[in-house]
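Residues per chain are reported as follows:
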Amino acid sequence: MLDNIPRLPLSEWTTEFVRWITSAFSFIFDPINNYLGTLMNWIITGLEFIPPVLFIIIIMALSAIFMKKKVLSPILIGIGLLFIYNQGLWENLIDTMTLVIISGLISIVIGVPLGILMSRSNTFEMLMKPILDLMQTMPAFVYLIPAVAFFGIGMVPGVFASVIFASPPTIRLTNLGIRQISEELIEASDSFGTTPMQKLLKVQLPLARPSIMAGINQTIMLALSMVVIASMIGAPGLGTEVLSSLQRAQVGPGFVAGLGIVILAIIIDRFTQTSNSNK
Amino acid sequence: MSVIEIKNVTKVFGPYTKEVEELLHKNKSKNEILSETGSTVAVKSANLTIEKSEVFVVMGLSGSGKSTLIRLINRLIDPTSGDLMIKGKNVSKLSTAELREFRRKNFSMVFQSFALFPFKSVLDNTAFGLEVRNMPKKERLKKAEHALKLVGLDGYKNQKPNQLSGGMQQRVGLARALANDTDILLMDEAFSALDPLIRKEMQNELIQLQQKMQKTIVFITHDLDEALSIGDRIALMKDGEIAQVGTPEEIVTNPENDYVKAFVKDIDRSKVLKVKHVMRPANSQENTDANPVIASEDLLYKSYDSFKNGIRELTVKDGGKVVGIVEFDKVFEVLAVGNEVEEDAR
């Protein structure tokens, strides 16, 4: 009996929908592709222009400034970066880092305002929650398909897929952080006659800061994991090495490239977490 | 003109249906309305007039609607019906922007759990109300420093609130309200979270500050002793209704209904009643010179020391003039038996 129900043509609809978006919004996608692609190429060229030794020293110095009192962290970070250079993965590292930073920044720029909106409207929160669930549970590979349709292959579609996959934690934790502020602090703010903007900037965002920073940390880590997957659609970086090792069944190079990703992840995590615990 | 006039103000949490309205008209109690409709009547037809420079205490147990009442005054909560006149202006009719401006100029509030901003220093917390008004930084920090000095915390201005003790944190809360320099000070259970000794200390300090500042203070508390010691007048609330309004003496000596009576039964009357309330007029033939002297404005407990060594009568003086005699038996009767004080003595 169940066989008599015709198959719901959801996949056809989706295909049609994506095709329609691709052609209808190409006037948006094409410039994004061009400008963002060019910008990222500049950044990568710029970063590669810095001699690796100097680069490592700069990162070590920054980590020393950020993580006060700790001597060990800068040294370990230095050793990690040196290892990546030693394995001939320096350029891949720069590519991956650029992709992560750009995807992370875009996710934050989109995610924090969305989280703020969610905290202000229960209707919007109800609407966004299932969408965020979908964004997080959908297998990450699936995002690669429309990304290719919109932007072709290369870095920009990689960024697009990463942003979709990585922004939910920032959105969620911004919303949560603002909603968790105690009623009395909001009353205190209101009782002194704050405008909505003053309340947001002087009270809500500073109070929600730890939560928002935790969300940003999660977002950047997710962006890193997605950037690796995005190597399948031609996003350059450490992921490309992993992918080609997989295709040729080479355990050694795959492990080394994977280790490089782990080192990058640890470095990024340390940086975003300390900027959270500061103050 | 009264500073605050609350006219027939009602606040219902939950749906305000025709049914609720009718039940309110029939003067049903809070519990009846809750069980019949599911809506909570937090404040029911409240009428209050608060005069300039008085310390007006709203006292009641939890759930009596006192916290709602104070939030109705600066409209942190909007009334369901009724009018709120502040300095002759109907606050319940103000637009959002007008209300914001009105709050900045007229109200400062102190909260039970202090409500200090943990990421700001003590000084910046104190200056918050002025910062919101866009006062230049230099000017507002100067005013904030002055306010901190008033509450005795000028040495702590660079600390974060969580580095201070509870009592000190509430001093910052008070300084934040004072720095704002508004006529009306709303204090919502401001001292309830403090331990008894610190609470007493803060009460005394508030009374001292008030003598200098002469602000209109609305003070919420669930502690009758606190209400009696700082209030010029007290309103007792029960189930959203105002049970009685009066001076501390009136409340203690002349409770209008059983609820108030039960409340004041266990109170230490010697710390509320003054000598003048229990004295009898001096008879001109009596020789009053031999007896110890007490001032008519003194609280009754001050007479304890003088009654030692078999002395049964004290001479009451007001500004050097003999105005009456207070007898040991009368004091004992008023305090121990809890009899009503005669009308003409009040």
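Nothing here was measured: the structure is a model prediction, and the numbers come from that model.

### Structural notes on the nonpolar core
Next up, step 1: Counting residues in hydrophobic clusters, the biggest one holds 89 residues, and the most contacted among them are Val57, Val58, Ala175, Leu186, Met187, Val218 and Phe219 of chain B.
Next up, step 2: Tallying contributions element by element places helix H8 (residues 166-179) of chain B first for this core, with six residues.
Next up, step 3: When residues of this core are assigned to domains, at least three map to each of domain 1 (4-270) and domain 2 (271-345) of chain B.
Next up, step 4: Setting aside residues up to four positions removed in sequence, valine 58 of chain B forms contacts with Lys66, Leu69, Ile70, Val218, Ile220, Ala235 and Met237 of chain B.
Next up, step 5: Within the second largest apolar cluster, 54 residues are counted, among which are Leu89, Phe150, Ala235 and Leu264 of chain A.

### Structural notes on the interface of chain B and chain A
Many authors give the size of an interface as the accessible area that is lost as the parts come together.
Next up, step 1: Taken together, the contacts link 17 residues of chain B with 13 residues of chain A.
Next up, step 2: Put simply, the parts of the chain that give the side of chain B that touches chain A at least two residues each are helix H4 (96-106), strand E6 (107-110) and helix H6 (128-132) of chain B.
Next up, step 3: No other element matches H4 of chain B, which puts four residues into the side of chain B that touches chain A.
Next up, step 4: Partitioning the side of chain B that touches chain A into residue classes produces nine nonpolar, four polar and four charged.

### Re the sheet that holds strand E7 (residues 184-188) of chain B
All names here are of chain B.
Next up, step 1: With mixed pairing, the six strands of this open sheet are ordered in space as E6-E7-E8-E3-E9-E10. Of all the strands in the sheet, the pair left with one neighbour each is E6 and strand E10 (241-246). The average angle at which neighbouring strand axes cross in this sheet is 15°, direction not considered.
Next up, step 2: Alignment of strand E9 (residues 233-238) against E10, held across five bridges, turns out to be antiparallel. Bridging from a neighbouring strand, leucine 236 pairs with glutamine 244 of E10.
Next up, step 3: The sheet strands contacting helix H3 (residues 66-73) are strand E3 (55-60), E7, strand E8 (216-221) and E9, and the helix crosses E8 at an angle near 155°.

### Comments concerning the packing of helix H10 (residues 196-229) of chain A against helix H11 (residues 238-247) of chain A
Residue and element names in this part refer to chain A.
Next up, step 1: Direction vectors running N to C along H10 and H11 enclose 45°, while the axes themselves pass 7 Å from each other. In terms of axis orientation, H10 runs oblique to H11. When the axes of H10 and H11 are compared, the crossing they make is right-handed. Two secondary-structure elements touch here, H10 through Val227, Val228 and Ile229 and H11 through Leu238, Gly239 and Val242.
Next up, step 2: Here the residues of the contact of H10 with H11 are counted per class, giving five nonpolar, one polar and no charged.

### Considering the domain arrangement of chain B
Residues and elements named next belong to chain B.
Next up, step 1: Structurally, chain B comprises domain 1 (4-270) and domain 2 (271-345).
Next up, step 2: Taking only C-alpha atoms, the centre of domain 1 and the centre of domain 2 are 36 Å apart.
Next up, step 3: Domain 1 puts ten residues into the contact, and the matching count from domain 2 is eleven residues.
Next up, step 4: Split into classes, the residues belonging to the side of domain 1 that touches domain 2 amount to four nonpolar, three polar and three charged.

### Some details on the sheet that holds strand E2 (residues 40-50) of chain B
Residues and elements named next belong to chain B.
Next up, step 1: Read from one edge of the open sheet, four strands run E2-E1-E4-E5, paired in antiparallel fashion. Looking at the sheet topology across the chains shown, the edges are occupied by E2 and strand E5 (89-90).
Next up, step 2: Sheet topology note: the strand E1 (residues 4-13)/strand E4 (residues 81-86) ladder contains five bridges and is antiparallel. Across the sheet, the residue bridging to threonine 10 is serine 81, located in E4.

### Side note on the pairing of E3 of chain B
All names here are of chain B.
Next up, step 1: Within E3, six of the six residues are buried, leaving the element largely enclosed by the surrounding structure.
Next up, step 2: Alternating residues of E3 divide into Val55, Val57 and Met59 and Phe56, Val58 and Gly60, and every residue in both groups is buried.
Next up, step 3: Pairing of E3 with E8 involves five bridges; the strand directions are parallel. Bridge pairing in E8 links methionine 59 to threonine 221.
Next up, step 4: In terms of strand pairing, E3 meets E9 through five bridges, oriented parallel. Paired with methionine 59 across the two strands is leucine 236, which belongs to E9.

### Things to note about helix H9 (residues 196-213) of chain B
Owing to its 3.6 residues per turn, the α-helix aligns residues three or four sequence positions apart on the same side.
All names here are of chain B.
Next up, step 1: An ideal rise of 1.5 Å per residue puts 26 Å on 18 residues; H9 measures up with 25 Å between its terminal C-alpha atoms.
Next up, step 2: Along H9, the positions that sit buried rather than exposed are Arg199, Met202, Gln203 and Leu206. Down the axis of H9, the sector holding all buried residues measures 105°, keeping them to one side. Exposed and oriented more than 90 degrees from the buried face of H9 are Leu197, Asn204, Gln208, Gln211 and Lys212.
Next up, step 3: Buried residues belonging to H9 abut H8 and helix H10 (224-230).
Next up, step 4: With its phi angle positive at about 55°, glutamine 214 sits one or two positions after the end of H9.

Conventions adopted
- Residues numbered from 1 in each chain as written.
- Chains lettered and ligands numbered in written order.
- Predicted model: local features only at pLDDT ≥ 70, side-chain atom pairs only at ≥ 80, totals over all residues.
- Core = buried A, V, L, I, M, F, W, Y, C linked by C-beta atoms within 7 Å.
- Buried ≥ 20, exposed ≤ 12 C-beta atoms within 10 Å, placed from the backbone.
- Helix = DSSP H or I, 4+ residues; strand = E, 2+ residues; numbered from the N terminus.
- Domains from an automatic or database assignment.
- Contact = placed C-beta atoms within 7 Å.
- Nonpolar A, V, L, I, M, F, W, Y, C, P; charged D, E, K, R; others polar.
- Pairing = 2+ DSSP bridges.
- Axes fitted to C-alpha atoms, helices over the stretch in contact; angles between N-to-C directions.
- Parallel < 35°, antiparallel > 145°, perpendicular 65-115°, else oblique.
- Left-handed = near helix turned anticlockwise from the far one by under 90°.
- Expected span 1.5 Å × (residues − 1).
- Arc of directions from axis to C-beta.

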